[in-house]
Amino acid sequence: MSCHATGAGAGAGATATAERRTGTPFVALVGNPNVGKSTLFNALTGAHQRVGNWPGKTVSVAQGDWRTASGGRPLRVADLPGSYSLLPDSPDEALVRDVLTAPEGERPDAVVFALDAANPARNLYLLSQILDTDIPVVVALTMTDVAARRGAPPAPDALARELALPVVRVEGRTGTGLDQLAEAVGETLDAAAPLTGRTSAWAAGSPVAAELAELAAAASGRTPHPARWLAVSLLCGERPPAVPAALAERAGAAADRLAAAAAAAAGAGSADADFADADIDAELLVAEARYAWAHTVIERAAPRPAGARPTLTDRVDRLLLSRGFGIPFFLAVMWGVFQATTALAKPLQDGLGDFVSGPVSGGADRLLGAVHAPGWLTGLLVDGLINGVGQLLTFVPLMIIMFLLLALLEDSGYFARAAFVADRLMRTLRLPGRAFLPLVVGFGCNVPALAGTRILNRRSHRLLVGLLIPYMSCTARLAVYVMIAGVFFGSNSGTVVFFLYVASVLLVVGMGLILRPLLFRDMKEEPLVLELPPYRLPTLRVTGAQVWQKLAAFLRTAGGIIVATAAGVWLLMAIPAAAGHGGFGKVDVEQSVFGTVTRATAPLVAPAGFGDWHATAALGTGLIAKEGVISTLAQTYSAEEDGDPKLTASLHATFEESSGGHQRAAALAFLVFILAYTPCFATLAAQRAEIGTRLTVIGFGIQLAAAWLLAVGVFQIARLVW
């Protein structure tokens, strides 16, 4: 594990201090990923919750109101991101660390720790770190039904005795144990001080115990951080803010002594040369002590019976994680998600689009006409703002279905298996297996795929995948592929579309191999560490809450940009480029500022064979949404959209002239350009939210350059054949 120091506690302090001013205790819900923590949070808070970035952070956290019982005290509870360690390896883990180690008076009043009864060892490792913060802890024992099926459920009383902490068996799906949990939290908050002696349990008898005790005593009162947590962090090589240099030097000397003593003991006691030469440091010794304590607790609280039989989950995993069946099954599942999203969302998208462009736009047009509104105002409201809202609404069914299917996969337990299966495929780009999931989602829509990069731990992995997702061929491009291929390639159009999807995958791999050494030279491979949760049936309440939270986040991040961009393009199409071509809002598209700009840019794509203003105008509106490519071509040719003979004949004539008689080569180059350049402004908005403005701008430039180079190359080669 790694030790990365970052700033601590500002956001947590603002929130916790505000809660204390109102007299409402602040409780943090903490645990490993996939332990039922979010299910428990939903059961505790119900509809009284909201999701947003933690103050001063870019990590989204769900917070809510928890009334502990009828007439009981209200609590403020935050569902902190799933974390494996307080030595952070991701922004999510850094947030958990910062909240729990904030200065005194700004930390949570209590922690409810969700402990998976079926996989307790790694859970107890994190619990041992939380105990070092001196925050009162109540253990919520989850997944006890799964542990019982495995034959070794920890007894709450035995676990409470070993941990010297309150332990309550809970089941968030059914509400079992919630009243008892509320009672335990209330008693903990009323206690004068945390239980004494519990914080040193994991280190007792280990090589680090003496050095840790001396360092904790030296750190006490010298920084705003918990003394024992600070001592452990310094031994592990971290350097939190506001740590005196002398204390850091003392910790470094202690770590060196521990490492030297451990290396000497290993060399003297082992005939294995590799072991004797192993890189033993204080961090490793601390980790070994924590795990040794965890296994001791498990052996005493939940001894495993002899001859325990494999569970259903174990038997299913033997098949789904096997080399021969695992990857085909994973690809079939992802194909099913893609197909279901496309098939189910399209009629809903069409219906919403028709509703906005028909009754809504028509009603607004008649209403504005009745009040004698000027033409430019009618154009702005109807063709600009209402059209922009309509484009935003057409994304909603796609988002709901995509988020729903992914939530079902996650809640069922298969998502973690999918990351495990795809791990080898992603090693060529030095990415973990879970990176394959947002990339596959990109075949449906790039916007939720970008949101899906949050499942990646390392920042460099999230940034690289965020730059690669726009090259995944989304469903919006498919309509353009089908129309253009049908016009120019007839019965071979299906083959052309298939080629474009294969090219999309190859483009992702190729761009990844190029971008990784250029922008992420220090990116290292990350060993895949996953908790494989048991398979279980998803619940409507948990799945619905996840879908709503993700949909609301999408509407907040991308909605305003989509609407503003649509209005801005209408404005460019409404302004005449020169006098004598009509007034504001009454100019032909070709004579507008928009048309003038597209004519000026047409020569730039002449080497690709489609240097005509009709094509560049379509590419321009395609930046807003790829669905606009077809409608723009129809508008500039004054034709109906798909299937109009006039549009087909006009496209043939335009591409024949611009390509010098190689229209099929030019059409293929045009399709490759559609594939490679920026999908839409909604994707740019999502990219900016996930990877930042700087990398979004860099990625935008790379996409345009790659699209131009590939289109030119395809045309120059294909013209030799067609």
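Residues numbered from 1 in each chain as written. Predicted model: local features only at pLDDT ≥ 70, side-chain atom pairs only at ≥ 80, totals over all residues. Heavy atoms only, no water.

(A) A look at the overall build of the protein. Helices and strands together make up the secondary structure of the protein, namely 30 helices and seven strands. Taken over 722 residues, the protein has a buried fraction of 53%. In the protein, the share of contacts with a sequence separation of at least 24, taken over all contacts with a separation of at least 6, comes to 71%. Carbon and sulfur atoms provide 61% of the accessible area of the protein, an area that totals close to 30,400 Å². (Helix = DSSP H or I, 4+ residues; strand = E, 2+ residues; numbered from the N terminus. Buried < 20%, exposed > 50% of the residue type's maximum accessible area, 1.4 Å probe, protein only. Contact = heavy atoms within 4.5 Å. Areas by Shrake-Rupley, 256 points an atom, 1.4 Å probe, with all protein chains shown as cover.)

(B) The nonpolar core, seen in detail. Counting 90 residues, the largest nonpolar core has Ile484, Phe610, Leu633, Leu651 and Phe670 as the members making the most contacts within it. Broken down by element, this core gets its largest block of residues, twelve residues, from helix α28 (residues 663–676). Excluding its chain neighbours within four sequence positions, the residues that come into contact with leucine 633 are Met483, Ile484, His614, Ala618, Leu647 and Leu651. Counting 67 residues, the second largest nonpolar core, distinct from the first, contains Leu87, Leu234, Ala248 and Ala255. (Core = buried A, V, L, I, M, F, W, Y, C linked by side-chain atoms within 4.5 Å.)

(C) Region of the structure containing the packing of aromatic side chains. With the rule as written, the count across this model stands at nine aromatic pairs. On the numbers, 4.6 Å between centres and 25° between planes, the contact of tyrosine 125 with tyrosine 291 is stacked. Of this pair, tyrosine 125 sits in helix α4 (residues 120–131) while tyrosine 291 sits in helix α12 (residues 282–301), and the two are 166 residues apart along the sequence. On the accessibility criterion, tyrosine 125 (3% relative accessible area) is buried. Ring centres 6.1 Å apart and planes at 90° place the aromatic pair tyrosine 481 and tyrosine 501 in the edge-to-face group. Of this pair, tyrosine 481 sits in helix α21 (residues 475–489) while tyrosine 501 sits in helix α22 (residues 493–519), and the two are 20 residues apart along the sequence. Taken as a pair, tyrosine 481 and tyrosine 501 share a single burial class, namely buried. (Phe/Tyr/Trp six-rings, centres within 6.5 Å; stacked < 30°, edge-to-face > 60°.)

(D) Main features of helix α20 (residues 459–468). With respect to burial, α20 is a largely interior element, nine of its ten residues being buried. Burial in α20 covers these residues: Ser460, His461, Arg462, Leu463, Leu464, Val465, Gly466, Leu467 and Leu468. Among the structural elements, α3 (91–100), α18 (436–441), α19 (446–451), α22, α29 (681–691) and α30 (693–718) are those in contact with the buried residues of α20.

(E) Molecular detail of the confidence of the model for the protein. Here the protein averages 77 in pLDDT, and 78% of its residues register 70 or above. When the elements of the protein are averaged for pLDDT, helix α11 (residues 273–276) gives the smallest value, 39, and α28 the largest, 93. Below pLDDT 50 for its whole length, residues 1–21 participates in 57 contacts with residues either more than four positions away or in separate chains. This stretch, residues 639–644, has a pLDDT under 50; its non-local contacts, to residues over four places away or in other chains, come to twelve contacts. (pLDDT = per-residue confidence, 0-100.)

(F) How the structure looks around α3. In terms of burial, α3 is a largely internal element, eight of the ten residues being buried. Inspection of α3 places Glu93, Ala94, Leu95, Val96, Arg97, Asp98, Val99 and Leu100 among the buried residues, and these make up the whole buried set.

(G) Region of the structure containing a nonpolar patch on the surface. Residues Trp376, Leu571 and Phe584 make up a contiguous nonpolar surface patch of about 280 Å² in total accessible area. Relative to the helices and strands, tryptophan 376 is located in helix α15 (residues 375–412). (Patch = residues over 30% accessible without salt bridge, like charges linked within 9 Å, V, L, I, M, F, W, Y side chains within 5 Å. Salt bridge = Lys/Arg side-chain N within 4 Å of Asp/Glu carboxyl O.)

(H) View of the pairing of strand β5 (residues 110–116). Among the seven residues in β5, seven count as buried, and that is most of the element. Of the pairings in the sheet, the one linking strand β1 (residues 26–31) to β5 comprises five bridges and is parallel in character. If you follow valine 30 over to β5, its bridge partner there is phenylalanine 113. (Pairing = 2+ DSSP bridges.)

(I) Quick peek at the pattern of salt bridges. The tally for this structure, following the rule as stated, stands at eight salt bridges. Close ionic contact of aspartate 132 with arginine 228 constitutes a salt bridge, the shortest N to O distance being 3.2 Å. On the criterion of sequence distance, the pair formed by aspartate 132 in the loop between α4 and β6 (137–142) and arginine 228 in helix α9 (residues 227–235) is long-range, its members being 96 residues apart. Like aspartate 132, the residue arginine 228 is buried in the burial classification. When the shortest N-O distance is used, the salt bridge between aspartate 317 and arginine 417 registers 2.9 Å. Of this pair, aspartate 317 sits in helix α13 (residues 312–320) while arginine 417 is found in helix α16 (residues 414–421), placing the two residues 100 residues apart along the sequence. Across this residue pair, the class does not change: aspartate 317 and arginine 417 are buried.

(J) View of the environment of alanine 689. Relative to the elements of secondary structure, alanine 689 occurs in helix α29. Distance in space between the C-alpha atoms of alanine 689 and leucine 450 is 9.0 Å, their sequence separation being 239 residues.

(K) A look at the side chain of asparagine 446. Looking at where asparagine 446 falls in the secondary structure, it is placed in helix α19. Since its relative accessible area comes to 1%, asparagine 446 is described here as buried. In this structure asparagine 446 touches Ile469, Pro470, Met472, Cys474, Arg477, Pro679 and Thr683, once residues within four positions along its chain are discounted.

(L) Focus on the packing of α21 against α22. The interhelical angle for the contact between α21 and α22, taken along N-to-C directions, is 140°, at an axis separation of 8 Å. By the angle between their axes, α21 is oblique relative to α22. In this structure, the crossing between α21 and α22 has a hand that is right-handed. Along its contact with α21, which presents Leu478, Tyr481, Val482, Ala485, Gly486 and Phe489, the element α22 presents Ser493, Val496, Val497, Leu500 and Tyr501. (Axes fitted to C-alpha atoms, helices over the stretch in contact; angles between N-to-C directions. Parallel < 35°, antiparallel > 145°, perpendicular 65-115°, else oblique. Left-handed = near helix turned anticlockwise from the far one by under 90°.)

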